[in-house]
Amino acid sequence: MIIQVIEAGLAATNGYLVADHENGVGCVIDAPEGVAAPLCEQAERLGLAVKLLLNTHGHWDHIVDNAALKRATGASFGIHQDSEPLLSIPQTHLFGLDLQIEPVTVDFYLAAGEPFRQMMAAMSHAIDGLGHEDAFQVVKFSNEAAVLGAGPVRASRMRDPCP
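Conventions we followed
- Residues numbered from 1 in each chain as written.
- Predicted model: local features only at pLDDT ≥ 70, side-chain atom pairs only at ≥ 80, totals over all residues.
- Heavy atoms only, no water.
- Helix = DSSP H or I, 4+ residues; strand = E, 2+ residues; numbered from the N terminus.
- Buried < 20%, exposed > 50% of the residue type's maximum accessible area, 1.4 Å probe, protein only.
- Contact = heavy atoms within 4.5 Å.
- Areas by Shrake-Rupley, 256 points an atom, 1.4 Å probe, with all protein chains shown as cover.
- Phe/Tyr/Trp six-rings, centres within 6.5 Å; stacked < 30°, edge-to-face > 60°.
- Salt bridge = Lys/Arg side-chain N within 4 Å of Asp/Glu carboxyl O.
- Polar contact = N/O pair within 3.5 Å; in protein donor to acceptor, adjacent residues only side chain to side chain.
- Pairing = 2+ DSSP bridges.
- Axes fitted to C-alpha atoms, helices over the stretch in contact; angles between N-to-C directions.
- Core = buried A, V, L, I, M, F, W, Y, C linked by side-chain atoms within 4.5 Å.

(A) Structural context of the overall build of the protein. Across its full length, the protein holds four helices and 11 strands. Put simply, the protein has 163 residues, and 50% of those count as buried. In the protein, the share of contacts with a sequence separation of at least 24, taken over all contacts with a separation of at least 6, comes to 55%. Total accessible area on the protein is roughly 7700 Å²; 51% of this is exposed by carbon and sulfur atoms.

Below is the structure:
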């Protein structure tokens, strides 16, 4: 399993490239401002095809580069349904930031226990987790799990903590 972390954007938010060594298929999780180019370069360097773009939740600092990543990779985009409305709210203006976020269409919704094996063998399923937003996601991969998000839960790798 490959897990690459790139910190980017005004809020120093993590973007992740997660992939399966064996099948060469990857997934990008969260898209802070400025992460699209380095994550795409890393995927190319590793010979990975990015098939999925996922957001742990819909806060502005996690979604800025969604459109750029989707365009560059052709990946399908997924987010929890409860977070989708945040994709169309000009959140950055609430913080006094002059930062435009290009809209992106959701291709599928993340839900507890939803299998992704058909799209990426490395990904087992998404489960609802605890974070600073109700729709925060924890994504489990094969025999390892990665807790991905912001706030009180920071990126970590654990040995099969998920049921």
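Here the narrative resumes.
(B) View of the packing of aromatic side chains. Enumeration over the complete set of coordinates arrives at one aromatic pair. With 6.1 Å between their ring centres and 45° between their planes, Trp 60 and Phe 95 make a pair best called tilted. Of this pair, Trp 60 sits in helix 2 (residues 60-63) while Phe 95 is found in the loop between helix 4 (91-94) and strand 6 (108-110), placing the two residues 35 residues apart along the sequence. On the basis of relative accessibility, which here comes to 55%, the residue Phe 95 falls in the exposed class.

(C) Focus on the pattern of salt bridges. Under the counting rule described, the total for this entry stands at two salt bridges. Measuring nitrogen to oxygen at the nearest pair gives 2.9 Å for the salt bridge that ties Asp 107 to Lys 70. Here Asp 107 is found in the loop between helix 4 and strand 6, whereas its partner Lys 70 is found in helix 3 (residues 66-73), with 37 residues between them in sequence. Here Arg 71 ties to Glu 102 by a salt bridge, and the two come within 2.7 Å at their closest N and O atoms.

(D) Representation of the side chain of Asp 30. As for its position among the elements, Asp 30 is in the loop between strand 3 (25-29) and helix 1 (36-45). Taking relative accessible area as the criterion, Asp 30 reaches 0% and is therefore assigned buried. A polar side-chain atom of Asp 30 sits 2.8 Å from the main-chain amide nitrogen of Thr 56. Here the side chain of Asp 30 touches His 62 through a polar contact of 2.8 Å, side chain to side chain. With sequence-adjacent residues up to four places away left out, Asp 30 is seen in contact with Asn 14, Gly 15, Tyr 16, Val 35, Leu 54, Asn 55, Thr 56, His 57 and His 62.

(E) Summary view of the sheet that holds strand 4 (residues 49-54). Pairing is mixed across the open sheet formed by six strands, whose spatial order is 1-2-3-4-5-6. Strands with a single pairing partner mark the edges of an open sheet, and in this sheet they are strand 1 (2-8) and strand 6. Averaged over all neighbouring strand pairs, the angle between strand axes comes to 25°, with direction disregarded. Note: strand 4 against strand 5 (residues 76-80), three bridges, orientation parallel. Looking at strand 5, one finds that Leu 53 is bridged to Phe 77. With respect to the sheet, helix 3 is in contact with strand 3, strand 4 and strand 5, its orientation differing from that of strand 4 by roughly 155°.

(F) View of the nonpolar core. By size, the foremost hydrophobic cluster in this structure holds 21 residues, and its most contacted members are Leu 17, Val 28, Leu 69 and Phe 77. No other element matches helix 1, which puts three residues into this core. Setting aside residues no more than four positions away along its own chain, Val 28 makes contact with Tyr 16, Leu 17, Leu 39, Val 50, Leu 52, Leu 53, Leu 54 and Leu 69. In this structure, Cys 27, Leu 52, Phe 108 and Leu 110 belong to the second largest nonpolar core, which totals eight residues.

By themselves these figures say nothing about function.
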